[in-house]
Each structure stands twice: as structure tokens, then as C-alpha cells.
Amino acid sequence: FNNDLQRSEKMEIISELAASVAHEVRNPLQVTRGFLQIIGEGSDSKEKEYLQLAISELDRAAHIINDFLTFAKPQTDTVECLDVGGELRHVAGILLPLAKMQESTIEIQLEDGLYVKFSSSKFKQALINLIKNGIEALQENGLVSISAWKSGSHVVISIRDSGEGMTAGELARLGEPYFSNKTKGTGLGLMVTFRIIEAMNGTIEFKSVKGKGTEAIVKLPAVKP
Ligand code: ADP
Ligand code: MG
């Protein structure tokens, strides 16, 4: 019991520390990126190439932070009763510009009165990594369709995309650290999502057809508000 308590206190300190670091590191990354871009405007082609490399390395660092700690704030994140609809709308709102950039749409259909219990920033992190993957899988004029409903004692969340889909081999590797088919992927997004869903005592399942699209189905224990 003592060890468990110590362990969970240590985990809490680590996660609080990580949140502060992410928060503090994001700004200097962004500022440095801006200055490199300005320098790039007045340089010759060899320098430009190096600056481009430097910028893409900064972007890589930012992507890694974003896969783990998009919503992290330096304060401790507390476990609370979360309105699933509200959380989904918030995350979809943040990702809508990304969808629009490739002429695609996000559609949401929600039942009322869906609640789960967890840290809001971690729950949103799990959702954002799933929805972002959906958007990134789309061609032009694609659709990511998000729905949530109650089923028995569980809240079910479905995130479906009309994107490129996956083979059985790819499906089997989901959640494996550093597995990515993207040129600028981290391969950490789903690992983070799987851990969060597991910590919520939930399950996650993927259905996918290559060339047609993918559906992620998350089931979480429902709570009363
Ligand atoms: P990343 O997005 O950085 O590549 P993820 O862990 O989020 O890392 O996803 C790992 C890989 O799983 C992706 O590179 C992609 O190949 C595949 N994948 C995940 N979600 C989808 C999806 N909705 N449609 C197609 N492929 C997907
Ligand atoms: Mg991803």
C-alpha cells in the first residue's frame, strides 16, 4: 500500500513537471522558428536549405510535445466529471481549421447526458490524437464523423473517417511506439491515446478497410453527473 501510494505520488509529480516543461518549451520553439524564417528570407540557397532543416527539426519537437501534452497546463490536472459532448466539441473545434485546409469537414452527432470521470486535459489528448489521425488520413473532400451515445453502463465514442484506411498488418501495429507511415509523424499519438483509455478503464477498437476509411470505437465507463 505504502509503495503504491509513493508510486502514484511520484507519477503525479512527474506528470506535473512534464506539463510545466511542455508549457514553457512551446513558446521558445515558436519564437526561434519565427526568427529562422525571417533570416531565411534574406539568405542564399545553401543557407536556406540549412534553415529549412532547422525549422523542420523544431516542428518535429513541437509535434512530439503536441502528441503528449496539447492541453497541459502547469497546474495539477484533477479527476473530474466530464461532459463528453462538450469535450468532443472543444477538440473538434480546435481541429476544424486542419480539416478545412484540405477541403474536408468534421461532422458531430451526440446524445445528451454523456459523462465520464477523468482529467479533462488527458481525455482531450486521447481524443485529439484520434481525430487528428482521421483528418490526416483524408484526401480532399473527406469527412470525419464523430458520434457518441450511451450503451448500457458505457459511453461509446466513434470517430470515423473516409480516408486511406489500413491493411491488417498496419492495424496490428497501432499503438506501437514510433510506428508511423507519415513523413512528419511521431508514431507516438496512438500510444498515448491507448494509455489514457486504459487508465480510464476503457477499451478501444479499430475497424478499417484499405482505401475506404477507418473507425475508432472507444468505450468508457459512464458516470452520473
Ligand atoms: P502518427 O500520426 O504520428 O503517424 P500515430 O500513433 O497517431 O502516429 O499513428 C500511427 C500510424 O497509424 C499512422 O502513421 C498511420 O499509418 C496509422 N493510422 C492511425 N490512424 C489512422 C487512420 N484513421 N487512418 C489511417 N491510418 C491511420
Ligand atoms: Mg497521429
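See the structure above.
Everything numeric in this text was worked out from a predicted model, so none of it was measured. (Residues numbered from 1 in each chain as written. Chains lettered and ligands numbered in written order. Predicted model: local features only at pLDDT ≥ 70, side-chain atom pairs only at ≥ 80, totals over all residues. Heavy atoms only, no water.)

Here we take up the overall build of the protein chain. When its secondary structure is counted, the protein chain shows six helices and seven strands. Counting from the amino terminus, the protein chain carries its helices and strands in the arrangement α-α-β-α-β-β-α-β-β-α-α-β-β. Taken over C-alpha atoms, the radius of gyration comes to 19 Å for the protein chain, in line with the 17 Å a tight globule of 225 residues would show. The principal-axis extents of the C-alpha atoms in the protein chain amount to approximately 65 × 50 × 30 Å. Taking all 225 residues of the protein chain together, the buried fraction comes to 38%. A separation of at least 24 residues holds for 72% of the contacts in the protein chain among residues at least 6 apart in sequence. As displayed, the protein chain has an accessible area near 13,400 Å², and 54% of this comes from carbon and sulfur atoms. If the 25 positive side-chain charges of the protein chain are averaged to one point and the 29 negative ones to another, these points end up 3 Å apart. (Helix = DSSP H or I, 4+ residues; strand = E, 2+ residues; numbered from the N terminus. Rg over C-alpha atoms; globule rule 2.2 N^0.38 Å. Buried < 20%, exposed > 50% of the residue type's maximum accessible area, 1.4 Å probe, protein only. Contact = heavy atoms within 4.5 Å. Areas by Shrake-Rupley, 256 points an atom, 1.4 Å probe, with all protein chains shown as cover. Lys, Arg positive; Asp, Glu negative; His and termini not counted. Charge placed at Lys NZ, Arg CZ, Asp CG, Glu CD.)

We now examine the nonpolar core. Judged by nonpolar contacts, the single largest core of 40 residues is most densely connected at Val84, Val116, Phe123, Ile131, Ile146, Ile157 and Leu220. Taken together, the elements giving at least two residues each to this core come down to helix H3 (84–101), strand S3 (115–119), helix H4 (120–136), strand S4 (143–151), strand S5 (154–161), helix H6 (189–199) and strand S7 (213–221). Residue contributions to this core peak at seven residues, all from H4. If you look at the next biggest cluster of nonpolar residues, it comprises eight residues, including Leu29, Leu51, Leu58 and Ala62. (Core = buried A, V, L, I, M, F, W, Y, C linked by side-chain atoms within 4.5 Å.)

On to the sheet that holds strand S2 (residues 105–110). Strand pairing in a sheet takes place through backbone hydrogen bonds and is either antiparallel or parallel in direction. With mixed pairing, five strands are arranged side by side in an open sheet as S2-S4-S5-S7-S6. The open sheet has two edge strands, S2 and strand S6 (203–209), and neither has a second partner. Geometrically, the sheet is characterised by an average inter-axis angle of 15 degrees between neighbouring strands, direction not taken into account. Packing against the sheet, H3 makes contact with S2, S4 and S5, and its axis sits at approximately 170 degrees to S2. On top of the sheet, H4 reaches S2, S4, S5, S6 and S7; it is set at about 25 degrees to S5, its chief contact. (Pairing = 2+ DSSP bridges. Axes fitted to C-alpha atoms, helices over the stretch in contact; angles between N-to-C directions.)

Moving on to the packing of aromatic side chains. The full count for this structure, using the stated rule, is one aromatic pair. The ring of Phe71 carries the charged tip of Lys124 above its face, separated from the ring centre by 5.4 Å. (Phe/Tyr/Trp six-rings, centres within 6.5 Å; stacked < 30°, edge-to-face > 60°. Lys NZ or Arg CZ within 6 Å of the ring centre and 35° of its normal.)

Positive phi values are uncommon outside glycine, yet Tyr178 reaches one of about 70 degrees. Relative to the elements of secondary structure, Tyr178 occurs in the loop between helix H5 (168–173) and H6. Phi at Asn201 is positive, roughly 60 degrees, even though this residue is not glycine. Inspection of the secondary structure assignment puts Asn201 in the loop between H6 and S6.

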